[in-house]
Structures are given as C-alpha cells and as structure tokens.
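Spelled out from the first residue to the last, the chains are:
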Amino acid sequence: MNIEAKLGLDVFKVDTEPHIVIKHEICQAKCQIRYCLNICPAELYTLDKQDEVQVNYEGCLECGACLMACEHEALTWQYPRAGYGVQYRFG
Ligand code: SF4
Ligand code: SF4
C-alpha cells in the first residue's frame, strides 16, 4: 500500500474554525521561496489566482512541518479543538 492509499484511510472531523491561519501580508512582503508549498506531506498549500498562498486546513495531518518551515512566522498554528482533526488509521 502506498502513502496516498494509507492517507486516504485517515478520517477527518473538520472544525468550522481553521486551526491554521496565514498572515498574507507577511507572505507578500517577505517571502520569496514559499517553503510551505513543498513541505506539506498532504500537499495542502496551493497558490490561488492572485498568486496568494492558501491552505486547505481540513485535510491537515497535524505534523507541524509548515509551521517549522515558515521562516517569516506568517502562520498562526494550533491543534484543532478537542474532538476535531485527524484520526489516523495507520500509526
Ligand atoms: S513559507 Fe510562510 S511566509 Fe512563505 S508563503 Fe508560506 S506561509 Fe507565507
Ligand atoms: S501541519 Fe503538516 S499536514 Fe498540516 S498543513 Fe502543515 S505541513 Fe500540512
């Protein structure tokens, strides 16, 4: 079973309140490399039509890699509220 298939078995209870918030003004003012686009194992960071970074927090694996990779501290990141978030089926 490959990684995509394993991730597909995980279950997400999505909170209506995002647990990851991007401070877009910091991204636009300071960031050239945009590590977040490549670091997320679930590929949740994308660019919209305005070339602005967006995150689909609903599928977050709660690994924290994006928070560590963002050298400009443009992310507000916290674990989802109790009862929400990912439920792993493989470890
Ligand atoms: S790495 Fe941080 S500052 Fe750069 S685009 Fe991503 S969230 Fe914004
Ligand atoms: S915490 Fe991990 S899975 Fe969630 S958005 Fe950041 S890098 Fe992706």
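Given the structure is predicted, the values throughout are model-derived calculations rather than measurements.

Undergrad: Can you help me understand the site of ligand 1 in this one?
TA: In the vicinity of ligand 1, the residues found are Cys 27, Cys 31, Arg 34, Tyr 35, Cys 36, Val 53, Cys 70, His 72, Ala 74 and Leu 75. Per-class residue counts for the shell around ligand 1 are 8 nonpolar, 1 polar and 1 charged.

Undergrad: Explain the site of ligand 2 here, please?
TA: Around ligand 2 sit 13 residues, and of these Cys 40, Cys 60, Cys 63, Gly 64 and Cys 66 come closest. Residues belonging to the shell around ligand 2 are distributed by class as follows: 11 nonpolar, 1 polar and 1 charged.

Undergrad: Any chance you could explain the environment of Ile 3 here in plain terms?
TA: Among the secondary structure elements, Ile 3 is positioned in helix H1 (residues 3-9). On the accessibility criterion, Ile 3 (51% relative accessible area) is exposed. With 12 residues separating them along the chain, Ile 3 and Asp 15 place their C-alpha atoms 25 Å apart.

Undergrad: Help me understand the pattern of salt bridges, please; the structure alone is not making it clear to me.
TA: Pairs may arise between side chains of opposite charge once their charged atoms sit close together. Tallied over the full model, the rule gives 3 salt bridges. Notably, a salt bridge pairs Arg 81 with Asp 15, separated by 2.6 Å at the nearest N-O pair. Taken as a pair, Arg 81 in the loop between strand S5 (75-77) and strand S6 (85-87) and Asp 15 in the loop between strand S1 (11-13) and strand S2 (20-22) lie far apart in primary sequence, 66 residues in all. According to the relative accessible area criterion, Asp 15 is buried, its value standing at 5%. Each of Asp 15, Glu 17 and Arg 81 takes part in one network of salt bridges that share partners.

Undergrad: Would you take a moment to explain the environment of Glu 4 for this structure?
TA: Tracing the backbone through its elements, the reader meets Glu 4 in helix H1. A residue is classified by how much of its surface remains accessible, and Glu 4, at 56% relative accessible area, is exposed. Along the backbone, Glu 4 and Ala 42 are 38 residues apart, and their C-alpha atoms lie at a distance of 8.8 Å.

Reading guide: rules and limits
- Residues numbered from 1 in each chain as written.
- Chains lettered and ligands numbered in written order.
- Predicted model: local features only at pLDDT ≥ 70, side-chain atom pairs only at ≥ 80, totals over all residues.
- Heavy atoms only, no water.
- Near = heavy atom within 4 Å.
- Nonpolar A, V, L, I, M, F, W, Y, C, P; charged D, E, K, R; others polar.
- Helix = DSSP H or I, 4+ residues; strand = E, 2+ residues; numbered from the N terminus.
- Buried < 20%, exposed > 50% of the residue type's maximum accessible area, 1.4 Å probe, protein only.
- Salt bridge = Lys/Arg side-chain N within 4 Å of Asp/Glu carboxyl O.

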